[in-house]
Amino acid sequence: MTEVTLSIIKPDAVQRNLIGEILRRFESAGLKVVGGKLLRLSPERAQAFYAVHKERPFFAGLCTYMSSGPIFVSVLEGEGAIVKNREIMGATDPAKAAPGTIRKDCGTDVEANAVHGSDGSETAAAEIAFFFKPEEVFRSSK
Ligand code: IDP
Ligand code: MG
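Residues numbered from 1 in each chain as written. Chains lettered and ligands numbered in written order. Predicted model: local features only at pLDDT ≥ 70, side-chain atom pairs only at ≥ 80, totals over all residues. Heavy atoms only, no water.

Colleague: Describe the pattern of salt bridges, naming the residues involved and giving the relevant values.
Modeller: Counting across every chain of the model gives seven salt bridges. Close ionic contact of D12 with R16 constitutes a salt bridge, the shortest N to O distance being 2.9 Å. Judged by relative accessible area, D12 falls into the buried class, the value being 10%. Taking relative accessible area as the criterion, R16 reaches 39% and is therefore assigned partly exposed. Notably, a salt bridge pairs E21 with R25, separated by 2.8 Å at the nearest N-O pair. Taken together, the residues span about one helical turn, with E21 and R25 both in helix α2 (residues 19–28) at a distance of four residues. (Salt bridge = Lys/Arg side-chain N within 4 Å of Asp/Glu carboxyl O. Buried < 20%, exposed > 50% of the residue type's maximum accessible area, 1.4 Å probe, protein only. Helix = DSSP H or I, 4+ residues; strand = E, 2+ residues; numbered from the N terminus.)

Colleague: Requested: an account of helix α4 (residues 59–66), with residues and values cited.
Modeller: Residues F59, L62, C63, Y65 and M66 constitute the buried set of α4. Looking down the long axis of α4, one finds its buried residues gathered within 160° of arc, a one-sided arrangement. Away from its buried face by more than 90 degrees, α4 exposes A60 and T64. Where the residues of α4 are buried, they touch β1 (2–9), α1 (11–15), α3 (43–49) and β3 (71–79). (Arc of directions from axis to C-beta. Contact = heavy atoms within 4.5 Å.)

Colleague: Account for the site of ligand 1, naming residues and giving values.
Modeller: Near ligand 1 the following residues occur: K10, H53, F58, L62, R86, T92, R103, V110, E111 and N113. Here an oxygen atom of ligand 1 sits 2.9 Å away from a polar atom, N or O, in the side chain of H53. A distance of 2.9 Å is found between an oxygen atom of ligand 1 and a side-chain nitrogen or oxygen belonging to N113. For ligand 1, whose unbound accessible area comes to 530 Å², protein coverage reaches 78%. Among the detected pockets, ligand 1 sits in the largest pocket. Partitioned by chemical class, the residues of the shell around ligand 1 number three nonpolar, three polar and four charged. (Near = heavy atom within 4 Å. Polar contact = N/O pair within 3.5 Å; in protein donor to acceptor, adjacent residues only side chain to side chain. Areas by Shrake-Rupley, 256 points an atom, 1.4 Å probe, with all protein chains shown as cover. 1 Å grid on protein atoms, 1.4 Å probe; cavity = no way out; pocket = protein on both sides within 12 Å on 5 of 7 lines; lining within 4 Å. Sits in = over half its atoms within 2 Å of the grid points. Nonpolar A, V, L, I, M, F, W, Y, C, P; charged D, E, K, R; others polar.)

If you want it as structure tokens, here you go:
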């Protein structure tokens with residue numbers, strides 16, 4: 001099934017000039033970039049985006065980090081895009097991520113782990129709507 005998912009290239013990776021490297025990995029794996037922009041989250045917007053984690057001990061640090069600099073948000077389209085993106089990203093902690101994954105190769109630590117990816121179809125729809133107007137997403141099929 002052709003799906004869309006939300007990807008975020010996080011502040012640490014944008015800072016280290018890894019936007020191109022990371023998008024290349026998505027494109028090489030057959031995912032198509034059908035929406036994209038560079039922006040900076042306010043602390044309040046970061047808290048809203050990660051609201052599901054608000055009880056977790058790392059929530060405050062995560063929101064400070066995610067609002068610390070520009071991020072590149074994109075919509076990726078492809079066959080099984082949600083799971084495929086998670087596979088290309090690798091495990092949350094770069095130290096535990098498989099060789100060849102973005103987090104292994106581009107992540108700094110468990111917080112500054114280079115990328116975010118939606119974890120299911122409902123979160124993908126909600127996260128895409130958080131950042132993009134419908135007319136900013138150019139799906140090849142629906
Ligand atoms: P995911 O990004 O692989 O889906 P989640 O458990 O949803 O992982 O956590 C969201 C984000 O919170 C992670 O990508 C990472 O930036 C941060 N995070 C997760 N666990 C920790 C932790 O133990 N310490 C610090 N930050 C964490
Ligand atoms: Mg998650």
